[in-house]
Amino acid sequence: MYEEVLRNAFADALNKMGIQNDIDIIFETPKNPEHGDLSTNIAMKLAGTLKKVPREIASELIKNLSLDKNLNEKIDIAGAGFINIKFSKSFYSEILKKLYEFDKNIGKSDLGKGIKVNVEYVSVNPTGLLHLGHGRNACIGDTIANLYEWLGYDVTREYYFNNAGNQMNVLAKSIYARYRQQLDEPDFPFPDDGYHGDYVKEIASDLIKENNNKFIEDNKNNLETLRKFGEVWCFGKIKKTLERMSINQDVYYNEDSLYSEGKIKEVIDEFRNKGLAYEKDGALWLALTKMGLNDDRVIVKSTGEPTYRLPDIAYHREKFRRGFDVLIDIFGADHIATVPDVLAGVKALGFEPGKVKVYIHQFVTLTENGEQIKMSKRTGKNYTLDDLLDEVGADVVRFFLLMRGISTHLEFDLGLAREQSDKNPVFYLQYAHARISSVFDNAETKGIKLEYDIDFSILVHKTEIDLIKKLMNFQQTIETACNRGEPQILADYLRDVASAFHVFYHECRILDVEEKLMQARLALAEVTKNVMKNGLTILGIAAPNRM
RNA sequence: GCGCCAGUAGCUCAGUUGGAUAGAGCAUCAGCCUUCUAAGCUGAGGGUCACAGGUUCGAAUCCUGUCUGGCGUACCA
């Protein structure tokens, strides 16, 4: 938050020196604390264009710099030309005072006021149960939606519900085979391309419980009924699993409506009118090569059915038409190929593809004792997200799925999550919150109340200053995590805050010290608690008062 | 073949708009509880940043090539 002030001061100084340059003035926290609190390499960046030695530029810059002496203890030049800034203690008490005033709203802002964001995630077809990969998608999407919401954007959480397409027929046939196997013919052949998962057997037995042999005849109507039964069964389970992870979406956008409301046809017509669609081999092709891509693709098969690209494009067009300013798609790595096609299609229809942000996450592998556990819907032996939630709980699952960058493959070690769950990093974060709560409980029994007017300048201990340094970055961290679509940035940050608090707690007593100091430390603990609570909430993880 | 993601400590991973001595957790070893929760704190060991070149004051980060793993590359979704 103070960076803005510094940046302006540096820009002014550059102006005074008669240097006009668009170059970004970037401050970073040096790895080595001896180098100060913030550091900039601006002098080195300018060295090339100005044809001057970096250290000379730096010293001239400092001469022209007007900063509040009260808040900045020292500004000096180091190394090849770094400018290092060291803040005074009173700088930190000023900062903490502001953080304390935010109270429970710390981290919130109105940065995105009036901007409509649509975050689409999960969007699993109702043909099976959720597995860990879906869980990753769900947690990332939910957290990104939370981040936007926290920054004041108008967020819609959306699930693209696809109950059309060939995969639903496969499900119907799979259910039918299990139904017959359980009902009257144990050797009834199971389709090769069917869904082998055990849940299909459950669907069949539920079907028998409710309807007995009513659908035993192999005809189109019965298959249609089974298809619908399976869809409702699967989607019910999916929603329940999501609820267990506190994931609730606002809109379930049904792919069917794109057909029934004529949107698919509109898109086809528009492509044709623009000369971007053509017939070949009985199919309709989209001329993606005219839009700079490598290959044209079929959008309507010779059977008359559209391929997945067409409804995907039509769906994105609808999202634009519904008035969203930003469209966010959370996809697994297997969807990577569709992205350029959809973006090209959207652009051809006259919408701005730059407003679509696609976040692709890599896969999750579930391992136990070094061996991989299969999670595929088609291989039968499933380890579902529900199974995992049963074993380790929602907080652990969410944290495990969010603690890594989205673009790396994530290894979920079941043995570790199960056996060592008390050493899980998520408990480290929650423990910090619980510890603070406990301090306030003790304060209450002693009749101590946190006052509003507090003298923060009394906080000068190194661990106190270190903690404040972490706390002041909360807002910026939320923004960065949001802009980059990386929940992991927030997760890492919270671990840092928790660590700084644990160290402070270990070194400094909060209660049973002199009144003014106690008040200031309580306030520091309060700010930490609010940051932990809000940060964990954004990640969708509970902030317990006791552990 | 082509495209995307990845390769960093024993393991799992941060760090990549080029910056100062490459970090964390787990694991290993050694310490700290008569005082607000020890699910905590302190310290130690552990590295050819896959490999080979290049760009420059400076490269884990940028460029080229090679190797390894994952995912795509359908008139499946």
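Residues numbered from 1 in each chain as written. Chains lettered and ligands numbered in written order. Predicted model: local features only at pLDDT ≥ 70, side-chain atom pairs only at ≥ 80, totals over all residues. Heavy atoms only, no water.

Engineer: Quick question: what am I supposed to make of the packing of helix H7 (residues 198–211) against helix H8 (residues 220–244) here?
Structural biologist: Any two packed helices are characterised by the angle at which their axes cross and by the distance between the axes. Contact geometry for H7 and H8: axes closest at 11 Å, N-to-C directions at 115°. Crossing of H7 over H8 shows right-handed handedness. Packed against H7, whose contacting residues are Tyr-199, Glu-202, Ile-203, Asp-206, Leu-207, Glu-210 and Asn-211, the element H8 presents Leu-226, Phe-229, Gly-230, Trp-233, Cys-234 and Lys-237 at the interface. When the residues that make up the contact of H7 with H8 are grouped by side-chain class, the tally is seven nonpolar, two polar and four charged. (Axes fitted to C-alpha atoms, helices over the stretch in contact; angles between N-to-C directions. Helix = DSSP H or I, 4+ residues; strand = E, 2+ residues; numbered from the N terminus. Left-handed = near helix turned anticlockwise from the far one by under 90°. Contact = heavy atoms within 4.5 Å. Nonpolar A, V, L, I, M, F, W, Y, C, P; charged D, E, K, R; others polar.)

Engineer: I'm lost on the packing of aromatic side chains in this one. Help?
Structural biologist: Aromatic ring pairs: the centre-centre distance and the angle between the two ring planes describe each pair. Under the definition given, this model contains 21 aromatic pairs. Ring centres of Phe-87 and Tyr-92 lie 6.0 Å apart, and the angle between their planes is 75°; this geometry places the pair in the edge-to-face category. No difference in accessibility class separates Phe-87 from Tyr-92, as the two residues are buried. Geometrically, the ring pair formed by Phe-501 and Tyr-505 is tilted, given 5.8 Å between the ring centres and 40° between the ring planes. One end of the pair, Phe-501, and the other, Tyr-505, are both in helix H19 (residues 487–507), four residues apart, so they sit about a helical turn from each other. Owing to a relative accessible area of 0%, Phe-501 belongs among the buried residues under this scheme. Exposure remark for Tyr-505: the relative accessible area of 32% places this residue in the partly exposed category. Through a chain of ring-to-ring contacts, three or more aromatic side chains come together here, namely Tyr-159, Phe-161, Phe-235 and Tyr-252. Taking the ring centre of Phe-324 as reference, the NZ or CZ of Lys-116 above it sits at 5.0 Å. Directly above the ring of Phe-190 sits Arg-178, whose terminal nitrogen or CZ lies 3.9 Å from the centroid. (Phe/Tyr/Trp six-rings, centres within 6.5 Å; stacked < 30°, edge-to-face > 60°. Buried < 20%, exposed > 50% of the residue type's maximum accessible area, 1.4 Å probe, protein only. Lys NZ or Arg CZ within 6 Å of the ring centre and 35° of its normal.)

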